[in-house]
Amino acid sequence: MQSKIAQTCHRLTLHQDFTELSMRLNQILAGWANYFRYGVSKRVFGSIITYAWHRVWRWLKKKPGRLKIHDMKHRFCTNGWQFVTAKARYSGASTVTVTRYCYRGMNIPNPWNQQPLPLSIATGQ
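Here goes a summary of the coordinates provided. (Residues numbered from 1 in each chain as written. Predicted model: local features only at pLDDT ≥ 70, side-chain atom pairs only at ≥ 80, totals over all residues. Heavy atoms only, no water.)

Quick look at the side chain of Arg55
Selection criterion: Here a strand is any run of E in DSSP of at least two residues, a helix any run of H or I of at least four, and the numbering for each starts at the N terminus. Throughout, exposure labels follow a simple rule: accessible area from a 1.4 Å probe, protein chains only, divided by the maximum for the residue type, with under 20% read as buried, over 50% as exposed, and the rest as partly exposed. His is not counted here, nor are the chain ends, while Lys and Arg score as positive and Asp and Glu score as negative. Should a side-chain nitrogen of Lys or Arg be within 4 Å of a carboxyl oxygen of Asp or Glu, the pair is scored as a salt bridge. Throughout, a residue-residue contact means that at least one pair of heavy atoms, one from each residue, lies within 4.5 Å.
Topologically, Arg55 is positioned in helix 3 (residues 42-62). Comment: no salt bridge for buried Arg55; closest opposite-charge side chain is Glu20, at 16 Å. Sequence-distant contacts of Arg55, that is, excluding residues within four places in its chain, are made with Ile5, Ala6, Cys9 and His10.

Given below as structure tokens:
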């Protein structure tokens, strides 16, 4: 996953608008998080979100026009350090809730444990 994030935030993509980058990363991270949400993965989600946030921050620092940290925060962030533009908000995988797999046990229908039909119905007598 980290290689896909790094590839999306690579220096060759500096020509993109930040809105395009944030929308693409949201799609990648939300898809990955939806696939892995049924497990004990909250710590992994946190590390991936942190890694992606730092990659986006470095990507913004390398954009032409190199802004100072104070100016970058006022231009790209709201509510602290959440990346937001006029058209898109970088949310990453934080929109997906982690749920543990619920064991259904005997509620799962099993065709091998079905009771045989009564003899009178099966033979027609």
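Here the narrative resumes.
Description of helix 2 (residues 18-36)
Formally: Each residue after the first adds 1.5 Å to the expected span of a helix.
With 19 residues, helix 2 should reach 27 Å at 1.5 Å per residue; the first-to-last C-alpha distance of 27 Å fits that figure. For helix 2, the full list of buried residues reads Phe18, Thr19, Leu21, Ser22, Leu25, Asn26, Ile28, Leu29, Ala30, Trp32 and Ala33. Packed against the buried residues of helix 2 are helix 1 (2-8), helix 3, helix 4 (69-76) and strand 2 (82-83).

As for the environment of Ala33
Note on placement: Ala33 falls in helix 2. In this structure the C-alpha to C-alpha distance between Ala33 and Phe45, which are twelve residues apart in sequence, comes to 7.4 Å.

Here we look at the packing of aromatic side chains
Aromatic ring pairs are defined here through the distance separating the ring centres and the angle between the ring planes. Under the convention used in this document: In this analysis, rings of Phe, Tyr and Trp, with Trp reduced to its six-membered ring, are considered paired at centre separations within 6.5 Å, and the interplanar angle assigns stacked below 30 degrees, edge-to-face beyond 60, and tilted for intermediate values.
Overall, the coordinates contain three aromatic pairs when judged by the stated rule. Here Phe18 and Trp59 contribute two aromatic rings whose centre-to-centre distance is 6.4 Å and whose plane-to-plane angle is 35°, an arrangement assigned as tilted. Here Trp59 lies in helix 3 and Phe18 lies in helix 2, a separation of 41 residues in the sequence. Comparing Phe18 with Trp59, the two get one shared label, buried. Relative to Trp57, the ring of Trp53 has its centre 5.8 Å away and its plane inclined at 5°; by these criteria the two rings are stacked. Taken together, the residues Trp53 and Trp57, both in helix 3 and four residues apart, mark about one turn of the helix. For Trp57, a relative accessible area of 11% puts it in the buried group.

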